[in-house]
Structure formats: structure tokens, C-alpha cells
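Here's the letter readout for the chains.
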Amino acid sequence: MPEANVYQAYGIYLLHRQHRLIRRLMRIYEPTVHGHKLWRASFLLMDYLQSHPPQKGSKVMEIGCGWGSASVFCARRFGADVTGVDVDRDIFPFMDVIAALNSVQIRPHRIRYEKLTARCLGDQDLIIGSDVCFWDNLIQPVRNLIARALRGGTKRIVIADPGRPTFYELADLCAKRWDVTLKEWYAVEPSRTTGEVLEIRG
Ligand SMILES: C[S@@+](CC[C@H](N)C(=O)[O-])C[C@H]1O[C@@H](n2cnc3c(N)ncnc32)[C@H](O)[C@@H]1O
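Figured I'd write up the structure that's included with this text. (Residues numbered from 1 in each chain as written. Predicted model: local features only at pLDDT ≥ 70, side-chain atom pairs only at ≥ 80, totals over all residues. Heavy atoms only, no water.)

## Quick notes on the pattern of salt bridges
When charged atoms on two side chains of opposite charge get close, those side chains can pair.
Part 1: Inspection of the entire model under this criterion finds eight salt bridges.
Part 2: The partner of Asp131 in a salt bridge is Arg164, with the nearest N and O atoms 2.8 Å apart. Pair noted here: Asp131 is in the loop between strand S6 (126-130) and helix H6 (136-152) and Arg164 is in the loop between strand S7 (156-161) and helix H7 (165-177), with a separation of 33 residues, a long-range link.
Part 3: Taking the relative accessible area as the measure of exposure, Asp131 reaches 9% and is therefore buried.
Part 4: Of the charged contacts, one joins Arg201 and Glu199 as a salt bridge, the two residues approaching to 4.0 Å between their closest N and O atoms.
Part 5: Taking relative accessible area as the criterion, Arg201 reaches 26% and is therefore assigned partly exposed.
Part 6: Salt bridges sharing common partners tie together Arg156, Asp179, Glu199 and Arg201. (Salt bridge = Lys/Arg side-chain N within 4 Å of Asp/Glu carboxyl O. Helix = DSSP H or I, 4+ residues; strand = E, 2+ residues; numbered from the N terminus. Buried < 20%, exposed > 50% of the residue type's maximum accessible area, 1.4 Å probe, protein only.)

So this is what it looks like as C-alpha cells:
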């Protein structure tokens, strides 16, 4: 690695929280909705997408993107045109740094799940998320976002999770309505991580 606190996973460079740039950003920006670090479910998402890739150049939207590691992976690996969506404006500087480190650009979009329209969602070939349904009050908004995306014309939605009860409730709600697969999954980079991946198809 070129310097301390830089690491690699799934072909992209990432930064530990102790990295000098992250520490500097932390002094100015304070993510408040759990976007203060990169969550391990993002590696499940990368591993899953590596096995079930989108077409090259697809339009991808990452919801609840946080530091945007899965967005950067899609841009780098699949040449995807990626939008990173998050309610917390303070996460975007972290996403920008990770994107720049990997020589890609991610379009930032500050908005809450509830406000994303069917047209804006339906414009995407693929919608992804990792660890985005972690509170009870997020289950219905994420479920409704999925409904709007499918209505708008999105073909695939893929959500990875460590296996939180709220995520299983979301998976149950989706299974009642759409064609879904829920798979146990593991990632091997940067170290072994296990969890679940939910895929909903239009
Ligand atoms: C647990 S973090 C996961 C971040 C990233 N996906 C990852 O795996 O590293 C959840 C993210 O969802 C965002 N978030 C929470 N509620 C949201 C909402 N209603 N609309 C949009 N983003 C939201 C938070 O700001 C945070 O960045």
C-alpha cells in the first residue's frame, strides 16, 4: 500500500478511519445517521455484484450510500454511471475522497428515501444499498421506495445486510409482493464477513 491506513478490497482502494484525510474530514463534518464509517455489509454487496454483475455502463443508484464504497466499486468495476443518495450531507466529502482515490466520480444526491420519485428511481438500471434498513421506522420507507422503483421501471434492486431483524421484516414484506431472492452471502475481502443479500426483480 502507498501509505498507512489505506487498504484494498474488491479492486478498490479504501481508507481506515485513522487515515490522515479521514481524520481531517472528521474535524469538520459529523455524519449523524450512522454514516460515520464504512459498514461491512458493503463488502457483501460488492462480492454479490461481482457474481451477479450489471451490464457495463449501467445506471446505478446507491441509496443510503454513506462513504459510497459500493458506488465506487460499481463505477470502477463496471464503468457504471453512479448516483450516491443519502439524507446526511456530511457523508458526501468522505464519498468524494474515496471516489477520487479510485479515479472515479459519483454524483451526489442529498435526499431522503421517502422523497425519491418513481421517475427518478425508475431511470436506474440497478438500485443498490448496504445496511440501509437498520431502524424500525426505515422498513416502510425502504419498502415503498422499492415499490416506486419497480413501478418506475427499475429492473433490479439489491440490498445487502448483516442480518438485522428490520432487514428480515423488509425481506418478508417484499416477498409478499414481488419476485425476490434472499441469500446468505459472505465476502472474503478485506476479511471474511457474513450476512444476507436480498434481490428484488421487476
Ligand atoms: C449504516 S449506514 C450505511 C452506509 C453505507 N451504505 C455502508 O454500507 O457503508 C446508513 C446510511 O443511510 C443513510 N440514511 C439513513 N436514513 C436515510 C433516509 N431516510 N434517506 C436517505 N439516507 C438515509 C445514513 O445517513 C447513512 O449514511
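## Some words on the site of the ligand
Part 1: Contacts to the ligand come from 21 residues, most closely from Trp39, Gly64, Asp86, Tyr113 and Ser130.
Part 2: Here an oxygen atom of the ligand and a backbone polar atom of Trp39 are 2.8 Å apart.
Part 3: Here a nitrogen atom of the ligand and a backbone polar atom of Tyr113 are 3.0 Å apart.
Part 4: Considered class by class, the residues forming the shell around the ligand number nine nonpolar, six polar and six charged. (Near = heavy atom within 4 Å. Polar contact = N/O pair within 3.5 Å; in protein donor to acceptor, adjacent residues only side chain to side chain. Nonpolar A, V, L, I, M, F, W, Y, C, P; charged D, E, K, R; others polar.)

## Some points on the side chain of Glu199
Part 1: Within the element layout of this structure, Glu199 appears in strand S9 (residues 193-201).
Part 2: Within polar-contact distance, the side chain of Glu199 engages the side chain of Tyr48 at 2.5 Å.
Part 3: Separated by 2.7 Å, the side chains of Glu199 and Arg156 make a polar contact.
Part 4: Those residues in contact with Glu199 that lie beyond four places of it in its chain are Tyr48, Arg156, Ile157, Val158, Asp179, Val180 and Thr181. (Contact = heavy atoms within 4.5 Å.)

## Considering unusual backbone geometry
Part 1: With an omega of -5°, the peptide bond running from Glu189 to Pro190 counts as cis.
Part 2: Tracing the backbone through its elements, the reader meets Pro190 in the loop between strand S8 (179-187) and S9.
Part 3: A positive phi angle is found at Tyr10, which is not glycine, with a value near 50°.
Part 4: A positive phi angle, near 75°, is found at His34, a position not held by glycine.

## Observations regarding the packing of H6 against H7
Part 1: Closest axis-to-axis distance for the H6/H7 pair is 9 Å, and the angle between their directions is 30°. For the pair H6 and H7, the crossing hand works out as right-handed. Every residue of H7 that contacts H6 at Asp136, Ile139, Gln140, Val142, Arg143 and Ile146 is listed here: Thr166, Glu169, Leu170, Leu173, Cys174 and Arg177.
Part 2: Looking at side-chain class alone, the contact of H6 with H7 contains six nonpolar, two polar and four charged residues. (Axes fitted to C-alpha atoms, helices over the stretch in contact; angles between N-to-C directions. Left-handed = near helix turned anticlockwise from the far one by under 90°.)

## Brief notes about the sheet that holds S6
Part 1: The seven strands lie next to each other as S5-S4-S3-S6-S7-S9-S8, forming an open sheet whose pairing is mixed. In this open sheet, the two strands that pair with only one neighbour each are strand S5 (107-110) and S8. Adjacent strand axes in the sheet meet at a mean angle of 20° when their direction is disregarded.
Part 2: Where S7 meets S9, six bridges bridge the pair, whose relative direction is antiparallel. (Pairing = 2+ DSSP bridges.)

## Quick notes on the environment of Gly122
Part 1: Along the polypeptide, Gly122 turns up in helix H5 (residues 118-122).
Part 2: Put simply, Gly122 and Leu150 are 28 residues apart on the chain and 6.7 Å apart in space, counted from C-alpha to C-alpha.

## Focus: the packing of helix H1 (residues 20-28) against helix H4 (residues 92-101)
Part 1: Running from N to C, H1 and H4 cross one another at 160°; their axes reach a closest spacing of 10 Å. As judged from the angle between their axes, H1 and H4 are roughly antiparallel. Of the two elements, H1 crosses H4, and the hand of that crossing is right-handed. On H4, the residues touching Leu21, Ile22, Leu25 and Met26 of H1 are Pro93, Phe94 and Val97.
Part 2: Of the residues assigned to the contact of H1 with H4, the class counts are seven nonpolar, no polar and no charged. (Parallel < 35°, antiparallel > 145°, perpendicular 65-115°, else oblique.)

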